[in-house]
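The chain contents come next:
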Amino acid sequence: MTTERDYDKLLTVALDKAMPYDWSIGLHGSMFFQEIRENQRFVGIRCPQCKKVYVPPRRVCGPCYTEMDELVPLSDTGTLRAFSVVNYPFIDPNTGGQRPVPYTYGYIQMDGADNIFSHIINETDVSKIEVGMRLKAVFKPKEKMQGHITDIIHFDIIS
Amino acid sequence: MDNIAIVGVAQTKYAERKKDKTCADLVFDVTRAAMEDAGLALEDVDNVVTVSNDFIDGRTISSMAVGDAAGAHDKNISTVEGDGAFGALYGAMRTLGGFGTTLVVAHAKGSEGDVKFITNGMFEPIYQRLLGLESISSSALQARMYMDRYGLTEEDFARVSVKNHANGKNNPYAHLQLDVTVDDVMNSEKLADPLKKLDCSPVSDGAAAIIIANESHISKAKTKPVWVRGMAHCSDAYLLGDRDLAVPQSLAAASKKAYTMAGINDPMKSIDLVELYDAFSYMEPMWLEGMGFCEAGKGATLLDQGVTAMSGALPVNPSGGVLSSHAMLVAGLARIIESVLQLRGEAGQRQVENAKTALAHGINGACGQAHCVWILGNQKK
Ligand SMILES: [Zn+2]
């Protein structure tokens, strides 16, 4: 059908505008970000049935299909459970621009929580990162916080 | 075919913005309430169908994000991207295909995205989408074609808005509770000629859930079963220009199939009330024509004769319809839920007396490309 000779006559239509959203963070998520802003610490929520602590807090424990309402104050420290140093170019959904590489994505078990929280780790040298390392959250200055996941800048490796 | 029935229903109040609740929170509210309504525990629910749309949620494979909140953890979960009436149809098929009970849940938060962008995204991207066609402007074209074909006026449509908003005042779940007159509709903001603001449904946040049970599982539920006596769907061409926009042929085909399944020869005689998808005022008379309640072009006459009023022979949209609450995707399921409440005799101030058989209707795609028709009854046959 299409030969190499006339391939450049085939057209495309580009659409490069982002679709805007204004997602409600909801009651539990709002408390999570408020706690970070006010006290620079995490807060989780405990299931009354299986006693699991989830961070960030949410309304329902899926396995128990139970409403949770016991907030559990946590600290700003946790343990690295998995990580990846990312090297490929990627459009940052926050800015629409290209995110500088490399950066390190981490799965972090916050102290006192049973599930895993994810964020950026402030180290991109693979030889210096190990699962099991202790981490501490670094927050933006309080006056710059916006109730946003980037209010946490990243996690520093502390040991 | 086995007999199946709807044994549990729940919906949120519809509202402009539910900022305190995420989509999962809304889904949790209605799934839990539907189980409570049915008197069923989570173990009694054999499988879950979630209904959502990625553009509305702004999330890829949005349907999978609400499984936990729908009680689907460790259950068979499947998804429908489209109107809730079609999600319910799929749920009914599963209930006929071996599952004892199926929970169907739909959610939408129109407040979080840009609805004009989202509905613009329905259209064919090369020739139509970049011209800006979206839900309101495409419907304006359909309304104009309908008016031109049958000599209808904007006042004909305004009277639909007046009737349905008056009905909505009796529905505690309705988003809009408005007193409006024909003059109010005619003088409301011109959005896309011939459609004014009060000809158009609001954009709502909300969620709804139903539980469908096979007859073999019905005794577990505490509610009076509402039997599915007929159901069918049919789709027309995708491109607006390939369809006769003034004649809903796919609705006529779906209705005919559903009537045959329910053993209905004369729908006007056999059906006590209709809950249809009036996203815009002009749709109500047009859909009534497609459903065979009158000849083509005579839908507005039914209203003028008082037939579709609460006191008439065929009350249409006693809930206030989609014109009073429009959570996208949820709206078709809400039509089924209102029909169930009417058939159980639990519709409060908007109760249609002696309602035994109801028609519930949902649409998918621009200008009613596809139609889903349900015939529900409080008697099995
Ligand atoms: Zn639990």
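The structure presented is a predicted model; accordingly, all values stated were derived computationally and were not measured.

**Points about the overall build of chain B**
- Counting its secondary structure elements, chain B contains 13 helices and 11 strands.
- Computed over C-alpha atoms, the radius of gyration of chain B comes to 19 Å, within 12% of the 21 Å expected from 2.2 N^0.38 for 381 residues, which places it in the range of a compact globule.
- Once the C-alpha set of chain B is aligned to its principal axes, its extents read approximately 55 × 45 × 40 Å.
- Summarising the internal contacts of chain B: among those between residues at least 6 apart in sequence, 77% fall at separations of at least 24.
- If you sum the accessible surface of chain B, you get close to 13,900 Å²; carbon and sulfur atoms cover 51% of it.
- A distance of 3 Å separates the average location of the 35 positive side-chain charges in chain B from that of its 46 negative side-chain charges.

**Quick notes on the coordination of the zinc ion**
All names here are of chain A.
- Protein coordination at the zinc ion: the donors are Cys-47 (SG), Cys-50 (SG), Cys-61 (SG) and Cys-64 (SG), at 2.3 Å from the metal.
- For the zinc ion, the four donor atoms are set out with angles of 106 to 114° between them, so the coordination reads as tetrahedral.
- Read in sequence order, the donor residues for the zinc ion give the motif C-x2-C-x10-C-x2-C. Here Cys-61 lies in strand S3 (residues 60-61) and Cys-47 lies in the loop between strand S1 (43-46) and strand S2 (53-54), a separation of 14 residues in the sequence. Across the pair, Cys-61 and Cys-47 agree in class, each one buried.

**Remarks on the UniProt feature "domain: ChsH2 C-terminal OB-fold" (unreviewed entry) in chain A**
- Those residues carrying the UniProt feature "domain: ChsH2 C-terminal OB-fold" (unreviewed entry) are residues 72-140 of chain A in this numbering.
- Helix makes up 0% of residues 72-140 of chain A and strand 45%, and the two end C-alpha atoms of the span are 23 Å apart.

**Here we look at the packing of aromatic side chains**
- Under the counting rule described, the total for this entry stands at 12 aromatic pairs over all chains.
- Aromatic pair Tyr65(A) and Phe28(B): ring centres 5.2 Å apart, planes at 80°, arrangement edge-to-face. In this pair, Tyr65(A) sits in the loop between S3 and strand S4 (66-67) while Phe28(B) sits in helix H1 (residues 23-38), so the two residues belong to two different chains.
- For Phe28(B), a relative accessible area of 0% translates into the label buried.
- For the ring pair Tyr146(B) and Tyr150(B), a centre distance of 5.8 Å and an interplane angle of 80° mean the geometry is edge-to-face. Placement of the pair is Tyr146(B) and Tyr150(B) together in helix H5 (residues 135-150), with a separation of four residues, close to one helical turn.
- Here Tyr146(B) falls in the buried class, since its relative accessible area comes to 0%.
- Relative accessible area serves as the criterion here: at 27%, Tyr150(B) is assigned to the partly exposed category.

**Thoughts on the pattern of salt bridges**
- Tallied over the full model, the rule gives 28 salt bridges over all chains.
- In this structure, the salt-bridge partner of Lys220(B) is Asp44(B), at a minimum N-O distance of 3.3 Å. Of this pair, Lys220(B) sits in the loop between strand S7 (205-214) and strand S8 (226-235) while Asp44(B) sits in the loop between H1 and strand S2 (47-51), placing them 176 residues apart in sequence.
- Residue class for Asp44(B) comes out buried when judged on its relative accessible area of 18%.
- Salt bridges sharing partners connect three or more residues here, namely Arg59(A), Glu67(A), Lys21(B), Asp29(B) and Arg32(B).

**A closer look at the interface of chain A and chain B**
- On the side of chain B, 33 residues touch chain A, which itself brings 19 residues to the contact.
- Interface of chain A and chain B: buried area, both sides summed, is about 2,100 Å²; carbon and sulfur atoms make up 60% of it.
- Of all residues in chain A, Ser24(A), Arg59(A) and Tyr65(A) bury the most surface against chain B, accounting for 33% of the area lost on that side.
- Our count for the contact surface shared by chain A and chain B stands at three salt bridges.
- The salt bridge involving Asp29(B) is made with Arg59(A); its shortest N-O contact spans 2.6 Å.
- For the pair chain A and chain B, the number of links is 13 residue pairs in polar contact (both at pLDDT 80 or more).
- For the side of chain A that touches chain B, the secondary-structure elements that each account for two or more residues are helix H1 (26-39) and S4 of chain A.
- Residues of the side of chain A that touches chain B, tallied by class, amount to 12 nonpolar, four polar and three charged.

**Considerations on the sheet that holds strand S11 (residues 370-377) of chain B**
All names here are of chain B.
- Reading across the sheet, the nine strands line up as S3-S2-S4-S7-S1-S8-S11-S10-S9 and stay open at both edges, with mixed pairing between neighbours. Each edge of the sheet is formed by a strand with only one pairing partner; in this case those strands are strand S3 (76-80) and strand S9 (273-275). Across the sheet, the axes of successive neighbouring strands diverge by a mean angle of 25°, strand direction being ignored.
- Bridging between strand S10 (residues 357-364) and S11 involves eight bridges; their strand directions are antiparallel. Note on S11: the bridge partner recorded for Ile-363 is His-371.
- Helix H8 (residues 249-262) contacts S8, S10 and S11 of the sheet and is inclined by roughly 150° relative to S8.
- Strands in contact with helix H13 (residues 330-344) are strand S1 (4-11), strand S4 (101-109), S7, S8, S9, S10 and S11; relative to S1, the strand with the most contacts, it is inclined by about 110°.

**Section: the pairing of strand S9 (residues 134-139) of chain A**
All names here are of chain A.
- Only one face of S9 is buried: it carries Leu-135, Ala-137 and Phe-139, and the other face, with Arg-134, Lys-136 and Val-138, is open.
- Pairing analysis gives three bridges linking strand S6 (residues 77-86) to S9, with the strands arranged antiparallel. If you follow Thr-77 over to S9, its bridge partner there is Lys-136.

**Topic: the pairing of S1(B)**
Residue and element names in this part refer to chain B.
- Burial analysis of S1 places eight of its eight residues in the buried class, which makes it a mostly covered element.
- Bridge analysis of S1 against S7 gives seven bridges, and the strand direction is antiparallel. Bridged to Ile-4 within S7 is Asn-214.
- Bridge analysis of S1 against S8 gives two bridges, and the strand direction is antiparallel. Across the sheet, residue Ala-5 finds its bridge partner in S8, namely Trp-227.

How each quantity is defined
- Residues numbered from 1 in each chain as written.
- Chains lettered and ligands numbered in written order.
- Predicted model: local features only at pLDDT ≥ 70, side-chain atom pairs only at ≥ 80, totals over all residues.
- Heavy atoms only, no water.
- Helix = DSSP H or I, 4+ residues; strand = E, 2+ residues; numbered from the N terminus.
- Rg over C-alpha atoms; globule rule 2.2 N^0.38 Å.
- Contact = heavy atoms within 4.5 Å.
- Areas by Shrake-Rupley, 256 points an atom, 1.4 Å probe, with all protein chains shown as cover.
- Lys, Arg positive; Asp, Glu negative; His and termini not counted.
- Charge placed at Lys NZ, Arg CZ, Asp CG, Glu CD.
- Donors = N, O, S within 2.8 Å, 3.2 Å for Na, K, Ca; no water.
- Tetrahedral: all angles 85-135°; square planar, octahedral: opposite > 155°, others 65-115°.
- Buried < 20%, exposed > 50% of the residue type's maximum accessible area, 1.4 Å probe, protein only.
- UniProt positions renumbered as here; feature names shortened; annotations may be inferred.
- Phe/Tyr/Trp six-rings, centres within 6.5 Å; stacked < 30°, edge-to-face > 60°.
- Salt bridge = Lys/Arg side-chain N within 4 Å of Asp/Glu carboxyl O.
- Buried area = accessible area lost by both parts, 1.4 Å probe.
- Polar contact = N/O pair within 3.5 Å; in protein donor to acceptor, adjacent residues only side chain to side chain.
- Nonpolar A, V, L, I, M, F, W, Y, C, P; charged D, E, K, R; others polar.
- Pairing = 2+ DSSP bridges.
- Axes fitted to C-alpha atoms, helices over the stretch in contact; angles between N-to-C directions.

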